[in-house]
Protein chains: 2
Amino acid sequence: MTVVSSGEFRFAVAHLDHPHIFGQTSGLIGAGGTLEYAYDEDPQRLDGFCRLHPGARPVRSFDEILDAEDIQLVVSAAVPSERAEIGMRVLRSGKDYFTDKAPVTTLDQLEAVRRCVEETGGKYFVYYAERLHNDAAWHAGELIEEGAVGRVLQVLNLAPHRLAKPTRPRWFFEKRRYGGILTDLGSHQVEQFLAYSGCQSAEINFARVENFGHPDEPQFEDFGELSMTGDTGASFYTRVDWYTPEGLPSWGDGRTFIVGSEGSLELRKTIDPSRQSPASKLYLSNHEGEREIDCLGATGFPFFQRLIVDVLERSESAMTQRHAFLAAELSMLGQAFADLRRS
Amino acid sequence: MTVVSSGEFRFAVAHLDHPHIFGQTSGLIGAGGTLEYAYDEDPQRLDGFCRLHPGARPVRSFDEILDAEDIQLVVSAAVPSERAEIGMRVLRSGKDYFTDKAPVTTLDQLEAVRRCVEETGGKYFVYYAERLHNDAAWHAGELIEEGAVGRVLQVLNLAPHRLAKPTRPRWFFEKRRYGGILTDLGSHQVEQFLAYSGCQSAEINFARVENFGHPDEPQFEDFGELSMTGDTGASFYTRVDWYTPEGLPSWGDGRTFIVGSEGSLELRKTIDPSRQSPASKLYLSNHEGEREIDCLGATGFPFFQRLIVDVLERSESAMTQRHAFLAAELSMLGQAFADLRRS
């Protein structure tokens, strides 16, 4: 469903380092956004992107995008450690920013970005795709809001990802640049915890990162886990890893288990193993019985519609800025806990 | 499959406080054991048991069983806090003991029991049913041993249980008697971790217990979680709770997720939600592809056959004494961690 007519909301893409840029772009176009410009320092990558989106005009420098007066939002999936600096340039140019997660890679960056948001009044949106661009994950939030499971007591996320090592760029293995597995993959999971539980803050109980199986890439972390307790008392645990088996017909068998005071939810977010892939399914059980809910294609991803409205109306309906930053902060605190433990 | 002919292996049951006694008994009978005597202080409960097992002769005192020269094993599911004392009386009578889990409820009891085993040479078997009497859980161990998932990096157990509050005896809500949710339900989970990972020791990272929803029973714990790291480096996390929704056609949707260096396993131990109940299924994925394995009724529960052999041959094929006690010790250390944190 589109919330604007053609040309009413114009955006550009810049820094195409992570393929998430395709999901960010298609989500906005699906909600009615008009893609005007595209920039990347790698001409081949830029060309590839523009062939998929022929409406986008390739430009030769990022400055051309910052200077373009007809666009309202810059969409980006840069190398993680560079996302903050790019975002602050965008905000200072008077535009809003929509970055791939993780939105920043250090607590110092986060502080600078928070200050910049305050000073400029700009919006620093984050593509926490594992909830925002996943039907089951989105619908779970709706069910919880309706009271289907009562008070949320625990959110538990299993988030295996396929490594596909030969396809990965150098920065993917350099910790200073990707930020650590909890900063990166963990931020998705923490965001889901905060969204489902309604927590406004949380404390780290335990965190651990490991490189179990890749001694040739000593800075790579192929396993992480994180336990927190939220201010409502809700428990959170996640395991993130790069161990999706080669034979699984999905990049990762992502699951969420939510225990509520009045019912439980299971999310099979990408695959229903041995049965269906792709899949996006919910399993709800409460006093009324149990129910399997097929969500694939069912939600239309309202996040993107709301994001556009928020840019135009200066509202906060897609996600509060506080929430987006808190998810990043807590995952980086988890990373710091794990790094300290390991050192 | 039976490993002895009728009368070759004789046992008695005594202290029928937990219905697990039915599973313990049927497992042994299925493996060829002969049930000779039954004792319980509650004549009605004893009568109910003997009606199900007409071959068992009800006796009027526990001493009659301790004195009976024709039995080799006493099987028991007493109030948890009394299991150690009962077990030591059994061992000192020259017989072996097969108790429901948790085998003890305090570290002091564990020390006394370990000493008693050493002094008497008796065997103190524990009914960790969630692995030993579950087809998928048993077969998972076989697959891991065959190398189906490579090195085990993590074992994660979700173990919700139905409270069925009106059916529960008083001791169920008195912490001194049931030992705490990690001591009780947690011991199953730790046992599975040790069995699947091959760890010989582990350290507690974090543990938490809560009474989220039962203020009328202040000593009851309806939620627990426990994180450990084993000596192989393997990670363990479990959540145990009494929040099985009323509408679920199973006492608990028990799951195990095992991440290996070369593949992954999911166990649906009691139900395949919205599809089949009871169920006992395995989902294996590795470089060969993905596979759903229906295990229900497939294993014959070899633990019971081995237990009988171990009693007769004085071997340790069913489970080492060290392993049985270590699972209890680690779950009690987790409970102590959580109790300290809460106090």
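Quick note: structure is the one above.
Residues numbered from 1 in each chain as written. Chains lettered and ligands numbered in written order. Predicted model: local features only at pLDDT ≥ 70, side-chain atom pairs only at ≥ 80, totals over all residues. Heavy atoms only, no water.

S.K.: Quick one: what's the story with the interface of chain A and chain B, residue by residue and with numbers?
M.R.: Each partner contributes to the interface: chain A provides 49 residues, whereas chain B provides 49 residues. Between chain A and chain B, a total of about 3800 Å² is buried, with carbon and sulfur atoms accounting for 54% of that surface. Taken together, the links from chain A to chain B amount to six salt bridges. Taking the shortest distance from any N to any O, the salt bridge between Arg255(B) and Glu266(A) comes out at 2.5 Å. For the pair chain A and chain B, the interface holds 22 residue pairs in polar contact (both at pLDDT 80 or more). Within the residue set of the side of chain A that touches chain B, elements represented by two or more residues are strand 7 (152–160), strand 8 (202–210), strand 9 (223–230), strand 10 (235–241), strand 11 (255–260), strand 12 (263–268), strand 13 (281–286) and strand 14 (289–294) of chain A. Here the residues of the side of chain A that touches chain B are counted per class, giving 17 nonpolar, 16 polar and 16 charged. (Contact = heavy atoms within 4.5 Å. Buried area = accessible area lost by both parts, 1.4 Å probe. Salt bridge = Lys/Arg side-chain N within 4 Å of Asp/Glu carboxyl O. Polar contact = N/O pair within 3.5 Å; in protein donor to acceptor, adjacent residues only side chain to side chain. Helix = DSSP H or I, 4+ residues; strand = E, 2+ residues; numbered from the N terminus. Nonpolar A, V, L, I, M, F, W, Y, C, P; charged D, E, K, R; others polar.)

S.K.: Account for a negative patch on the surface, naming residues and giving values.
M.R.: Among the surface-exposed residues, Glu64(B), Asp67(B), Glu69(B) and Asp70(B) lie close enough to one another that they form a single negatively charged patch. With respect to the secondary-structure elements, Asp67(B) resides in helix 3 (residues 62–67). (Patch = residues over 30% accessible without salt bridge, like charges linked within 9 Å, V, L, I, M, F, W, Y side chains within 5 Å. Areas by Shrake-Rupley, 256 points an atom, 1.4 Å probe, with all protein chains shown as cover. Lys, Arg positive; Asp, Glu negative; His and termini not counted. Charge placed at Lys NZ, Arg CZ, Asp CG, Glu CD.)

S.K.: Describe the sheet that holds strand 6 (residues 124–127) of chain B, listing the residues and the values that go with them.
M.R.: Residues and elements named next belong to chain B. With parallel pairing, the six strands of this open sheet are ordered in space as 3-2-1-4-5-6. For this open sheet the edge positions go to strand 3 (57–58) and strand 6, each flanked by a neighbour on one side alone. Helix 10 (residues 302–313) rests against strand 4 (73–76), strand 5 (96–100) and strand 6 of the sheet, and its axis sits at about 170 degrees to strand 6. (Pairing = 2+ DSSP bridges. Axes fitted to C-alpha atoms, helices over the stretch in contact; angles between N-to-C directions.)

S.K.: Go over the relation of the copies chain A and chain B, please, and point to the residues and values.
M.R.: Mapping chain A onto chain B leaves a residual RMSD of 0.0 Å; the transformation is a rotation of 180 degrees accompanied by 0.0 Å of translation along its axis. The relationship between the two copies is best expressed as a two-fold rotation axis. Identified as the residue of chain A closest to the rotation axis by C-alpha distance is Phe206(A), at 3.2 Å. A shared binding surface is used by both copies, with 100% of the interface residues of chain A retained as interface residues in chain B. (Least-squares fit on C-alpha atoms with pLDDT ≥ 70 in both.)

S.K.: Describe in detail the pairing of strand 9 of chain A, supporting the description with residues and values.
M.R.: Residues and elements named next belong to chain A. Among the eight residues that make up strand 9, eight are buried, leaving the element largely enclosed by the rest of the structure. Taking every second residue as pointing to the same face, both faces of strand 9 are buried, with Phe223, Glu225, Ser227 and Thr229 on one and Gly224, Leu226, Met228 and Gly230 on the other. Sheet topology places strand 8 next to strand 9; eight bridges connect them, and they run antiparallel. Counterpart to Ile204 in the pairing with strand 9 is Met228. Here strand 9 pairs with strand 10 via seven bridges, running antiparallel. Looking at strand 10, one finds that Ser227 is bridged to Tyr237. Count of turn residues in the strand 9/strand 10 antiparallel hairpin: four residues, of which Gly233 carries a positive phi of about 95 degrees. (Buried < 20%, exposed > 50% of the residue type's maximum accessible area, 1.4 Å probe, protein only.)

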